[in-house]
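Take a look at the letters that make up each chain.
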Amino acid sequence: TRVVGIFLVLLAIQVAGSMHSVKAQYGQYGPYGQGGQSESILVDKTIGMNQVTTKGGVTSTTFVDNLASSDQRFYAGQAVTFKIKVKNTSDHKLTNIVVKDTLPNSLEQASTKGGVASNDRTIILADNLTLNAGEETVFNVNTKVIAQEKLPTDQGVFCVYNKAFAYNSVVGDDDTSQFCIEKKVLGVKAQPNAG
């Protein structure tokens, strides 16, 4: 009887333990678990390169995440175009979203279309954006490299980042695109003859 009693006690403990784990397993999915709405937003910033104009006069641009110094370089006065995708990756609507783009010192805004400059370095693309669950919107930012005389004098080729933000009071995200600028070397005057 003693062995049988110990066996019954062990069996009861095992059954109770398995019942407890079953309750824990299903509890997290039930109405009283930790479920609820998730809130998240995603920013994807890309830079345009290799603009190609077809015979019909249509210009197409390839957009990539980043450009290294071994890729396409930009020069003073040249247009630089960015594409900013903002997606609501939540399972419900997000409101009051602010979308901004911050330019590096070597860029200036080419036009105010699609955004208003709040100062020399920041472009406000949206200040009260609403996105439904899974909805995405795209902004194009048109900039150009500053004048040759304003570029750094101590660098021939240098790489910079352009950063975009999307946020409201609850959630936010940002992304950057790297690109490189090459300063053209101006003509050098010939050295005078010796003597």
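Above this text sits the structure in question.
Quick summary incoming for the structure in this document. (Residues numbered from 1 in each chain as written. Predicted model: local features only at pLDDT ≥ 70, side-chain atom pairs only at ≥ 80, totals over all residues. Heavy atoms only, no water.)

This brings us to the packing of aromatic side chains. Under the definition given, this model contains 2 aromatic pairs. Between F74 and F179, the ring centres sit 6.0 Å apart and the planes meet at 85°, which makes this aromatic pair edge-to-face. You can see F74 sitting in strand β3 (residues 73–74) and its partner F179 sitting in strand β11 (residues 172–182), a full 105 residues away along the chain. Overall, the relative accessible area of 0% leaves F179 in the buried class. Aromatic pair F82 and F179: ring centres 5.8 Å apart, planes at 65°, arrangement edge-to-face. Highlighted residues: F82 in strand β4 (residues 79–88) and F179 in strand β11, separated in sequence by 97 residues. Among the aromatic residues, those joined into a cluster by ring pairs are F74, F82 and F179. Just above the ring of F82 sits the side chain of K45; from NZ or CZ to the centre is 4.6 Å. Over the ring of F63 we find K83, and its NZ or CZ is 4.4 Å from the ring centre. (Phe/Tyr/Trp six-rings, centres within 6.5 Å; stacked < 30°, edge-to-face > 60°. Helix = DSSP H or I, 4+ residues; strand = E, 2+ residues; numbered from the N terminus. Buried < 20%, exposed > 50% of the residue type's maximum accessible area, 1.4 Å probe, protein only. Lys NZ or Arg CZ within 6 Å of the ring centre and 35° of its normal.)

Turning our eyes to something else, we now look at the state of the cysteines. Enumeration over the complete set of coordinates arrives at 1 disulfide. For C159, the disulfide goes to C180, at an S-S distance of 1.9 Å. With the S-S bond torsion at 90°, the cross-link from C159 to C180 turns out right-handed. Placement of C159 in strand β10 (residues 157–167) and of C180 in strand β11 is noted, with a sequence separation of 21 residues between them. Residue C159 is classed as partly exposed on the basis of its relative accessible area, which comes to 35%. (Disulfide = S-S within 2.5 Å.)

The next subject is unusual backbone geometry. Of note in the backbone geometry, N96 takes a positive phi value of approximately 55° without being a glycine. With respect to the helices and strands, N96 occurs in strand β5 (residues 94–102).

In this section: the nonpolar core. Counting 32 residues, the largest nonpolar core has I84, V86, I97, V99, F139 and F179 as its most contacted members. Elements that contribute at least two residues to this core include exactly β1 (41–53), β4, β5, β8 (122–131), β9 (136–145), β10 and β11. With 5 residues, β8 is the single largest residue contributor to this core. Sequence-distant contacts of F179, that is, excluding residues within four places in its chain, are made with I47, L67, F74, F82, P104, L107, F158, C159, V160 and N162. (Core = buried A, V, L, I, M, F, W, Y, C linked by side-chain atoms within 4.5 Å. Contact = heavy atoms within 4.5 Å.)

Pairing of β3 with β11, which is carried by 2 bridges, proceeds in the parallel orientation. In the sheet register, R73 faces β11, and the bridge partner there is C180. The pairing of β10 with β11 spans 11 bridges and is antiparallel. Across the sheet, residue F165 finds its bridge partner in β11, namely D174. (Pairing = 2+ DSSP bridges.)

We now examine the environment of V141. Its location among the elements puts V141 in strand β9. For V141, the residues in contact, after removing those within four places along its chain, are V80, T81, F82, I84, D101, I123 and L125.

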